[in-house]
Amino acid sequence: MGLLDSVIGMVGGGAGQGGGNAALLNAVVGMLAGGGQGGAQGGGGLGAMLGNAQQAGLGDVVSSWIGKGQNLPISADQLGSVLGGDTLSNLAKQLGMSQGDAASQISQMLPDVVDRLTPQGQMPQGGLGNVGDLLGMLMKR
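Because the structure is predicted, anything quoted here is derived from the model rather than measured. (Residues numbered from 1 in each chain as written. Predicted model: local features only at pLDDT ≥ 70, side-chain atom pairs only at ≥ 80, totals over all residues. Heavy atoms only, no water.)

Undergrad: Please set out the environment of A92 residue by residue, giving values where relevant.
TA: The topology assignment puts A92 in helix α6 (residues 85-95). Residues contacting A92, with those up to four places away along its chain left out, are M97, S98, Q99 and A102. (Helix = DSSP H or I, 4+ residues; strand = E, 2+ residues; numbered from the N terminus. Contact = heavy atoms within 4.5 Å.)

Structure (structure tokens):
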């Protein structure tokens, strides 16, 4: 878990300590990659999350993480409306915690992770890539 712990240290994740942070970051990055290795099944990736945020009236919040400038915060309740109950439930189960705890911890970490994965201030064409690529991107920043 050395790489993940290093990434978490660089990202400044807001959740727990040590292995819990690694599992949380792995789940978040997997979700952003579209539910691939380590992510919640059916996560749909960053594009789907942005679409869900727009439908929930939170498009400006998620767009702030992608664009340049200040990242707007998201509450655990708002995160539930963006990710959807199934995705949040899958993430919570994967992390071995309650849905509320998962939402709280992910809402603290997600804005910074998305910001670091979109350094050009826009979503990359064709999606973010796979989990390994994304973790590598986090290490560079």
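Undergrad: Residues and numbers for the pattern of salt bridges, please.
TA: Across all of its chains, the model carries 1 salt bridge by this definition. The partner of R116 in a salt bridge is D112, and the shortest N-O contact between them spans 3.0 Å. Taken together, the positions of R116 and D112, both in helix α7 (residues 99-117) and 4 residues apart, correspond to about one turn of that helix. Classification of R116 as buried rests on a relative accessible area of 18%. (Salt bridge = Lys/Arg side-chain N within 4 Å of Asp/Glu carboxyl O. Buried < 20%, exposed > 50% of the residue type's maximum accessible area, 1.4 Å probe, protein only.)

Undergrad: Can you explain the side chain of S64? Please cite residues and give values.
TA: Residue placement: S64 occurs in helix α4 (residues 59-66). A distance of 2.6 Å separates a polar side-chain atom of S64 from the backbone oxygen of V61. In contact with S64, not counting residues within four places along its chain, are G69, Q70, N71 and L72. (Polar contact = N/O pair within 3.5 Å; in protein donor to acceptor, adjacent residues only side chain to side chain.)

Undergrad: Give a description of helix α3 (residues 45-55) that names residues and reports values.
TA: All of the buried residues in α3 are G45, L46, M49, L50 and A53. Looking at the residues trailing α3, positive phi occurs at G57, about 80 degrees.

Undergrad: Quick one: what's the story with the environment of L25, residue by residue and with numbers?
TA: Structurally, L25 is set in helix α2 (residues 19-32). Separated by 85 residues in sequence, L25 and L110 have C-alpha atoms that sit 8.9 Å apart.

Undergrad: Can you tell me about α7, naming the residues and giving the values?
TA: Of all the bends found along α7, the most pronounced is centred on M109 and spans about 35 degrees, while P111, a proline, follows it within four residues. Buried residues of α7: A102, A103, I106, S107, M109, L110, P111, V113, V114, D115, R116 and L117, and no others. (Bend = angle between axes of the 7 residues up to and from the residue.)

Undergrad: Describe the packing of α6 against α7, with residues and values.
TA: Interaxial distance between α6 and α7 falls to 8 Å at its minimum, and their mutual angle equals 95 degrees. Compared by their axis directions, α6 and α7 come out roughly perpendicular. Here G85, L88, S89, L91, A92 and L95 of α6 lie close against α7, whose contacting residues are Q99, A102, A103 and I106. Across the contact of α6 with α7, the residue classes tally to 7 nonpolar, 3 polar and no charged. (Axes fitted to C-alpha atoms, helices over the stretch in contact; angles between N-to-C directions. Parallel < 35°, antiparallel > 145°, perpendicular 65-115°, else oblique. Nonpolar A, V, L, I, M, F, W, Y, C, P; charged D, E, K, R; others polar.)

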